[in-house]
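The residues making up each chain are set out below.
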Amino acid sequence: MIVNTGAKRSVVGHAFSGAFIGFILSSAYGYSKYKNGEIDKNIAIKNTIKATIEGGIVTASAIAATNAIGNINKTPLQSTIEAVSYVGVGIAGVYGVDKILNKDIKLIKE
């Protein structure tokens, strides 16, 4: 254990929380941009979907990394490698979502 992070947390539960927060914030932001005529409805929806998925991925990987750091059954090196792996998976997930959902999307209404 590197740091006492307290009780192990639910990765899935936090993924839903992160996705929900991403949805709330991005939908409000997208709606505001849509009402001001800065983006069209389809872009606002796609951006909301993207932020929702990315929020879940980032939160899940962060909680998984925290759980790894606080695992008392592993050496500090094992915990560090596991935590870095979870962060790497999160980065790869966000990158993949970005590449898939931003393909051929114009972000500004012309």
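Residues numbered from 1 in each chain as written. Predicted model: local features only at pLDDT ≥ 70, side-chain atom pairs only at ≥ 80, totals over all residues. Heavy atoms only, no water.

1. Things to note about the overall build of the protein chain
Then comes step 1: From N to C terminus, the protein chain includes 3 helices and 0 strands.
Then comes step 2: Against the compact-globule benchmark of 13 Å for 110 residues, the protein chain has a radius of gyration of 17 Å, which places it well outside the compact range.
Then comes step 3: Overall, the protein chain is about 55 × 25 × 15 Å in size when its C-alpha atoms are taken along their principal axes.
Then comes step 4: Counting across all 110 residues of the protein chain, residues that qualify as buried make up 26%.
Then comes step 5: Carbon together with sulfur atoms contributes 66% to the accessible area of the protein chain, which is approximately 7300 Å² in total.
Then comes step 6: Positive and negative side-chain charges of the protein chain, numbering 12 and 7 respectively, have mean locations separated by a distance of 5 Å. (Helix = DSSP H or I, 4+ residues; strand = E, 2+ residues; numbered from the N terminus. Rg over C-alpha atoms; globule rule 2.2 N^0.38 Å. Buried < 20%, exposed > 50% of the residue type's maximum accessible area, 1.4 Å probe, protein only. Areas by Shrake-Rupley, 256 points an atom, 1.4 Å probe, with all protein chains shown as cover. Lys, Arg positive; Asp, Glu negative; His and termini not counted. Charge placed at Lys NZ, Arg CZ, Asp CG, Glu CD.)

2. A few points about the pattern of salt bridges
Then comes step 1: Scanning the entire structure with this criterion turns up 4 salt bridges.
Then comes step 2: A salt bridge links Lys50 to Glu54; the nearest nitrogen and oxygen atoms lie 3.4 Å apart. Taken together, the residues Lys50 and Glu54, both in helix 2 (residues 41-69) and 4 residues apart, mark about one turn of the helix. Just as Lys50 is buried, Glu54 falls in that class too.
Then comes step 3: Linked by salt bridges that have partners in common, Lys50, Glu54 and Asp98 make up one network. (Salt bridge = Lys/Arg side-chain N within 4 Å of Asp/Glu carboxyl O.)

3. Looking at helix 3 (residues 76-101)
Given 3.6 residues to a turn, an α-helix orients residues that are three or four positions apart in the same direction.
Then comes step 1: Spanning 26 residues, helix 3 covers 37 Å between terminal C-alpha atoms, matching the ideal 38 Å at 1.5 Å per step.
Then comes step 2: Of all the positions in helix 3, only Ser79, Glu82, Ala83, Gly90 and Val97 are classed as buried.
Then comes step 3: Check the buried side of helix 3 and you find it contacts helix 2. (Expected span 1.5 Å × (residues − 1). Contact = heavy atoms within 4.5 Å.)

4. Things to note about helix 1 (residues 11-35)
Then comes step 1: Taking 1.5 Å as the rise per residue, helix 1 with 25 residues should run 36 Å; its terminal C-alpha atoms sit 36 Å apart, in good agreement.
Then comes step 2: Listing the buried residues of helix 1 in full gives Ala15, Gly18, Ala19, Gly22, Ser26 and Gly30.
Then comes step 3: At the N-terminal end of helix 1, a side-chain oxygen is found 2.9 Å from the backbone nitrogen of Gly13, two or three residues along, and the residue is Ser10.
Then comes step 4: Where helix 1 terminates, the next one or two residues include Gly37, which has phi positive at roughly 75°. (Polar contact = N/O pair within 3.5 Å; in protein donor to acceptor, adjacent residues only side chain to side chain.)

5. Remarks on the side chain of Glu54
Then comes step 1: Look at Glu54 and you get buried, because its relative accessible area is 13%.
Then comes step 2: Setting aside chain neighbours within four positions, we find Glu54 in contact with Val94, Val97 and Asp98.

6. A look at the packing of helix 2 against helix 3
Then comes step 1: Look at helix 2 against helix 3: their axes get within 7 Å of each other, and the N-to-C directions meet at 175°. Considering their axes alone, helix 2 and helix 3 lie roughly antiparallel with respect to each other. Mapping the contact onto sequence places Ile49, Lys50, Ile53, Glu54, Ile57, Val58, Ser61, Ala64, Ala65, Ala68 and Ile69 in helix 2 and Ser79, Glu82, Ala83, Tyr86, Val87, Gly90, Gly93, Val94, Val97, Asp98 and Leu101 in helix 3.
Then comes step 2: For the contact of helix 2 with helix 3, the per-class residue count stands at 14 nonpolar, 4 polar and 4 charged. (Axes fitted to C-alpha atoms, helices over the stretch in contact; angles between N-to-C directions. Parallel < 35°, antiparallel > 145°, perpendicular 65-115°, else oblique. Nonpolar A, V, L, I, M, F, W, Y, C, P; charged D, E, K, R; others polar.)

7. Points about the confidence of the model for the protein chain
Then comes step 1: Predicted confidence across the protein chain gives a mean pLDDT of 90, with 92% of residues reaching 70 or more.
Then comes step 2: Averaged pLDDT values over the elements of the protein chain bottom out at 94 in helix 3 and peak at 96 in helix 1. (pLDDT = per-residue confidence, 0-100.)

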